[in-house]
Amino acid sequence: MTRTQQIEYFTEERSVEAVNSRMDQAADARLRTIMASLVSHLHAFAKDVELTTAEWGAAIDFLTRTGQMCDDKRQEFILLSDTLGFSMLVDAINHRRPSGATENTVLGPFHVEGAPIYPMGTNISLDGKGESCLFMGRVLDLDGKPVQGAKIDVWCDNADGYYDVQQPGIQPQWNNRGIFVTGKDGTYSFRGIRPVSYPIPDDGPVGQMLAALGRHPNRPAHMHFMVSAEGFETVITHTFVNDDEWLASDAVFGVKASLLARMEPGEKHDTKWKSNFDFILNRVG
Ligand code: BEZ
Ligand code: FE
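These numbers were taken from a predicted model, which means no experiment stands behind them. (Residues numbered from 1 in each chain as written. Chains lettered and ligands numbered in written order. Predicted model: local features only at pLDDT ≥ 70, side-chain atom pairs only at ≥ 80, totals over all residues. Heavy atoms only, no water.)

### A closer look at the sheet that holds strand E3 (residues 177–181)
Spatially, five strands are ordered E3-E2-E7-E8-E9 in an open sheet, and the strand pairing comes out mixed. Bordering the open sheet on either side are E3 and strand E9 (260–261), each of which pairs with just one other strand. Where strand E2 (residues 151–155) and E3 come together, five bridges link them in antiparallel fashion. Bridging from a neighbouring strand, Ile-152 pairs with Phe-180 of E3. (Pairing = 2+ DSSP bridges. Helix = DSSP H or I, 4+ residues; strand = E, 2+ residues; numbered from the N terminus.)

### Notes on the coordination of the iron ion (ligand 2)
The protein atoms donating to the iron ion (ligand 2) are Tyr-163 (OH), Tyr-198 (OH), His-222 (NE2) and His-224 (NE2), with metal-donor distances spanning 1.9 to 2.2 Å. The site at the iron ion (ligand 2) holds six donor atoms, and with the angles between them running 53 to 166°, its shape is irregular. Coordination of the iron ion (ligand 2) draws on donor residues from a single chain, spaced Y-x34-Y-x23-H-x1-H in sequence. Here Tyr-198, found in strand E5 (residues 198–199), pairs with His-224, found in strand E7 (residues 222–228); they are 26 residues apart in sequence, far enough to count as distant. With relative accessibility at 3%, the residue His-224 sits in the buried group. (Donors = N, O, S within 2.8 Å, 3.2 Å for Na, K, Ca; no water. Tetrahedral: all angles 85-135°; square planar, octahedral: opposite > 155°, others 65-115°. Buried < 20%, exposed > 50% of the residue type's maximum accessible area, 1.4 Å probe, protein only.)

### A few points about the pattern of salt bridges
In this structure the tally under the stated criterion is 15 salt bridges. Among the salt bridges present, the one from Glu-17 reaches Arg-14, with a minimum N-O distance of 3.4 Å. For Arg-14, a relative accessible area of 16% puts it in the buried group. Asp-278 is the partner of Arg-138 in a salt bridge, and the nearest nitrogen-oxygen pair spans 2.7 Å. (Salt bridge = Lys/Arg side-chain N within 4 Å of Asp/Glu carboxyl O.)

### Brief notes about the environment of Leu-142
Mapped onto the elements of the fold, Leu-142 is located in the loop between strand E1 (132–141) and E2. Given the relative accessible area of 36%, Leu-142 is considered partly exposed. Measuring from C-alpha to C-alpha, the distance between Leu-142 and Met-88 comes to 24 Å, with 54 residues separating the pair along the chain. Those residues in contact with Leu-142 that sit more than four places away from it in its chain are Pro-98, Ser-99, Gly-100, Ala-101, Ile-280, Leu-281 and Asn-282. (Contact = heavy atoms within 4.5 Å.)

### Structural notes on the state of the cysteines
Overall, the coordinates contain zero disulfides when judged by the stated rule. Summary of cysteine pairing: Cys-133 is not part of a disulfide, and the nearest cysteine sulfur, belonging to Cys-156, is at 9.1 Å. Take Cys-133: its relative accessible area is 0%, and that puts it in the buried class. Overall, the relative accessible area of 1% leaves Cys-156 in the buried class. (Disulfide = S-S within 2.5 Å.)

### Quick notes on the side chain of Asn-20
Relative to the assigned elements, Asn-20 resides in helix H1 (residues 15–20). Residues contacting Asn-20, with those up to four places away along its chain left out, are Met-35, Ala-36 and Val-39.

### Remarks on the site of ligand 1
For ligand 1, the full set of nearby residues is Leu-79, Asp-82, Gly-108, Pro-109, Phe-110, Tyr-163, Tyr-198, Ile-200, Arg-219, His-222, His-224 and Val-252. In this structure, Arg-219 approaches ligand 1 through a side-chain N or O atom, which is 2.5 Å from an oxygen atom. Relative to its free-state accessible area of 270 Å², ligand 1 is covered by the protein chains to the extent of 100%. Of the residues belonging to the shell around ligand 1, the class tally is seven nonpolar, three polar and two charged. (Near = heavy atom within 4 Å. Polar contact = N/O pair within 3.5 Å; in protein donor to acceptor, adjacent residues only side chain to side chain. Areas by Shrake-Rupley, 256 points an atom, 1.4 Å probe, with all protein chains shown as cover. Nonpolar A, V, L, I, M, F, W, Y, C, P; charged D, E, K, R; others polar.)

Okay, here's the thing in structure tokens:
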């Protein structure tokens with residue numbers, strides 16, 4: 001730089017350009033694209049709301065407390081992403097499927113690898129609480145043909161609204177969890193309980209944010225499913241009890257119309273309820 005050249009310092013007007021012009025040396029082009037867009041939107045946001053120093057300080061404090069709340073059992077940042085609809089947006093962008101294929105929804109923090117593999121029909125409710133329910137249906141491809149060997153990993157909360165991992169020593173391990181593998185006809189069935197609605201963990205900064213925004217922390221009653229089969233895209237989803245009071249205001253925006261499942265009276269001498277839902281898988285490649 002010669003002495004006569006004008007240095008372009010940071011100003012409010014050219015704030016985005018000032019920051020993004022320093023990324024030319026970044027080796028990773030994708031990182032450059034992401035960071036440049038992030039800076040551009042972040043600066044636009046601050047300008048849009050005329051962010052005060054006190055407000056930015058409060059935001060830093062909030063993010064600090066969010067980080068401090070995280071450990072190997074609690075992930076407050078994912079909860080923040082979930083409650084801002086960001087998890088569902090990223091999921092939607094990454095799981096665009098042909099019409100008719102079962103839609104994805106959030107994984108949530110309560111999935112545990114390695115659940116027991118059971119024969120079809122097994123009761124996964126181990127604590128004896130709740131209203132019994134038979135879950136059944138088929139795993140099909142988009143042509144309506146049964147998918148053999150599909151692994152159906154299921155999990156849900158107990159009748160008190162807690163997952164087993166939230167209550168170690170209170171609930172039996174693997175309560176309301178199990179894996180089922182389809183045979184030739186693609187059908188599945190297992191017994192459990194009619195899911196109940198529950199609040200997401202709201203004793204941290206995310207709970208405080210929801211309260212400040214006049215939002216409740218509740219999720220409508222649902223059963224989680226992860227359905228995988230060789231040659232098909234894995235579906236991570238839930239079925240939602242179709243008359244739940246929180247369907248329209250799920251704290252994490254996970255509900256989709258195609259995932260509502262009717263609760264019908266069960267067969268006499270078996271379960272109180274039954275819920276029938278078919279999973280339609282999309283082939284990969
Ligand atoms: C769940 O359904 O298990 C869940 C999803 C997102 C945040 C909290 C819980
Ligand atoms: Fe859940």
